[in-house]
Amino acid sequence: MALEIRQHLKLAQQLIMTPQLQQAIKLLQFSRLELQEFIDQELESNPMLDIEQTPKEKLDKPEEPDFFKRKWDAYLETYGQDNVPYSEDEDRPSFEATTSRQEGLTEYLLWQLRMNDICEEHCSTGIFIIGNLDNNGYLAVDIPQICEATGTTPEKAEEVLKIIQQFDPPGIGARDLKECLLIQAKILGLEGSLVEQIIVSHLDALQTKNYARIAQELNVGVNDVANAAKIITNMEPRPARDYSDEPPQYVVPDVYVVKVEDGYAVILNEEDIPMLAINRQYYEMMSSNETNKAAKEYLSEGMKAAQWLIKSVQQRQNTLCKVTESIMSFQKEFLDKGITYLKPLILRDVADDVGMHESTISRVTSNKYVHTPQGTFELKYFFGSGISKSDGSFVASQSIKNDIEKYHQKRKCKASAVRSGYSKNA
């Protein structure tokens, strides 16, 4: 059979994900912070992109000089902090930011180190050890590295490490989980006890709750092993858990649902999302005949990217508003009466209502928060399975969980009242 080259014409449909389409899909699932970071990166990389700070009519009107015009809010905020006069150009933190600061683990350990009567050499070694603890409170370097960095001997490094391991929180400065638990057992006065034996030799069996095997190998009762296990499980495997130098991250709602006369209104929170526009200076440069061809091509590509980004951000916001309105239309009883009246809802219900695909609804509701009259919730909170009632209606599983939680809380309060002697029947 002879080989030959032939041409064939074939017609087929194919879905091609262009970079612009990929960007639009990515914007849908971005959280608020991720969107802000992405826009900042685009503003830095694309000269055709700019922030529209004020309406056009205000740009054309020069601001009238006013000697008595002052930012009184900023003045009152900083008044009384020091004796330095306030300046409008001064970029200073708020009063709360300068007076309210959570103490970090490093500062707390260094304070304890200074309270110990140790020599200067030991103190410098201790500072190095404290500076090399990881986020869990474990030592991230070994003894030879400590000796190389501080010039001390292995014996003295071990001595300083033992001192730090006596600090609060219990278990700090350990090199592994076993040492962390042993330090806490020593603080509890359990040296030589069954608890210490289990930590030393049977941590693997303890993790799988194989109490029978531990009891057989240590020749003790299973109940004794279970009681020792309770003590160990109440120990802290990550001593630095409650200490963090990072400020708390507060949830900022992407959407607000507010009560109006005839129902509820959905309002987008666009406070921290900049209003994008085309840079007028570079646009005029691109249109000018004096600009060379290479610069025009570069600016033209930037122009297309900027227009697409502006359109994609607007589309994201419109889609988020539309999806939220649909969800709240299904959950109107929840808005009126609370979590108990939450209805079962699936992605398909909202997708059919707004005429979009389920995957789009999933992306839009990912990492987005809504503030309602009943509190602030993640948008995915309103989706969940339902359980059939005896009358044929359905109730959301989240509502049942909430009722169970209230029931247990009520029983705890009642039991507490009985123990305190305040029960009506007491």
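Structure report, in brief. Note that this is a predicted model, so its numbers are computed, not measured.

A look at the overall build of the protein chain
Regarding its fold elements, the protein chain presents 20 helices and eight strands. Looking at the protein chain alone, contacts between residues at least 24 apart form 60% of all its contacts between residues at least 6 apart. Roughly 29400 Å² of accessible area belongs to the protein chain as shown, and the carbon and sulfur atoms make up 50% of that amount.

Some remarks on unusual backbone geometry
Here Asp168 and Pro169 are connected by a cis peptide whose omega angle stands at 5 degrees. Considering the arrangement of structural elements, one finds Pro169 in the loop between helix H9 (154-164) and helix H10 (177-187). One non-glycine residue, Lys209, adopts positive backbone phi at about 55 degrees. Secondary-structure assignment places Lys209 in the loop between helix H12 (203-207) and helix H13 (211-218). Phi is positive for Asn219, close to 60 degrees, though the residue is something other than glycine. Examined against the element boundaries, Asn219 turns out to sit in the loop between H13 and helix H14 (222-233).

Quick word on a negative patch on the surface
The grouping of Glu34, Glu37, Asp40 and Glu44 at the surface amounts to a negative patch. Structurally, Glu44 is set in helix H2 (residues 32-45).

A look at H9
Burial in H9 covers these residues: Ala157, Val160, Leu161, Ile163 and Ile164. For H9, the buried positions fall inside an angular range of 155 degrees around the axis, keeping them on one side. Those residues of H9 hidden inside the fold are in contact with helix H7 (120-131) and helix H8 (143-150).

As for the side chain of Ser312
Tracing the sequence through the fold places Ser312 in helix H16 (residues 293-330). The buried category is assigned to Ser312, whose relative accessible area is 7%. One polar contact links the side chain of Ser312 to the main-chain carbonyl oxygen of Trp308, over a distance of 2.8 Å. Contact partners of Ser312, with chain neighbours within four places excluded, come to Gln23, Ala24 and Leu27.

Section: the pattern of salt bridges
Throughout the structure, instances matching the rule amount to nine salt bridges. The closest approach of N and O atoms between Arg213 and Glu217, which form a salt bridge, is 3.3 Å. Of this pair, Arg213 and Glu217 both sit in helix H13, separated by four residues, roughly a single helical turn. Its relative accessible area of 41% is what places Arg213 among the partly exposed residues. Residue class for Glu217 comes out partly exposed when judged on its relative accessible area of 47%. One network of salt bridges, with partners in common, ties together Glu158, Arg175 and Glu179.

Digging into the sheet that holds strand E6 (residues 375-378)
The four strands are arranged E3-E2-E5-E6 in an open sheet whose pairing can be described as mixed. At either margin of the open sheet sits one strand with a lone partner, and together these are strand E3 (263-268) and E6. Recorded for the sheet is a direction-independent mean angle of 25 degrees between the axes of neighbouring strands. Strand direction decides the pairing type here: strand E5 (residues 369-372) and E6, joined by four bridges, are antiparallel.

Cut-off values and rules
- Here the residue numbers are simple positions, counted from 1 along each chain's written sequence.
- Whole-chain, interface and lining totals are the exception, using all residues; otherwise, since this is a predicted model, local features are given only for residues with pLDDT of at least 70 and side-chain atom pairs are given and counted only at 80 or more.
- In computing side-chain properties, one takes all heavy atoms of the structure into account and sets aside hydrogens as well as water.
- Where helices and strands are cited, they refer to DSSP runs of H or I of at least four residues and of E of at least two residues respectively, numbered from the N terminus.
- Contacts were defined at the residue level, with two residues in contact if any of their heavy atoms lie within 4.5 Å.
- With residues, only the protein chains shown are counted as cover, and all accessible areas are computed by Shrake-Rupley using a 1.4 Å probe.
- To count toward a patch, a residue needs a relative accessible area over 30% and no salt bridge; like charges are then connected within 9 Å, while nonpolar side chains (Val, Leu, Ile, Met, Phe, Trp, Tyr) are connected within 5 Å.
- Definition used for salt bridges: Asp or Glu carboxyl oxygen within 4 Å of a side-chain nitrogen of Lys or Arg.
- None of His or the chain ends enter the tally, which takes Lys and Arg as positive and Asp and Glu as negative.
- Positions of charges follow a simple convention, taking NZ of Lys, CZ of Arg, CG of Asp or CD of Glu.
- Only protein chains enter the area calculation, which uses a 1.4 Å probe; residues under 20% of their type maximum are buried, those over 50% are exposed, and those in between are partly exposed.
- Working note: the arc is built from the helix axis to C-beta atom directions.
- N or O atoms within 3.5 Å of each other form a polar contact, as long as, within protein, one can give a hydrogen and the other can take it, and as long as residues adjacent in sequence are counted only when both atoms are side-chain atoms.
- In short, DSSP must find at least two bridges between two strands for them to pair.
- Orientation is described by axes fitted as lines to C-alpha atoms, over the contacting stretch for helices, and by angles from 0 to 180 degrees between their N-to-C directions.

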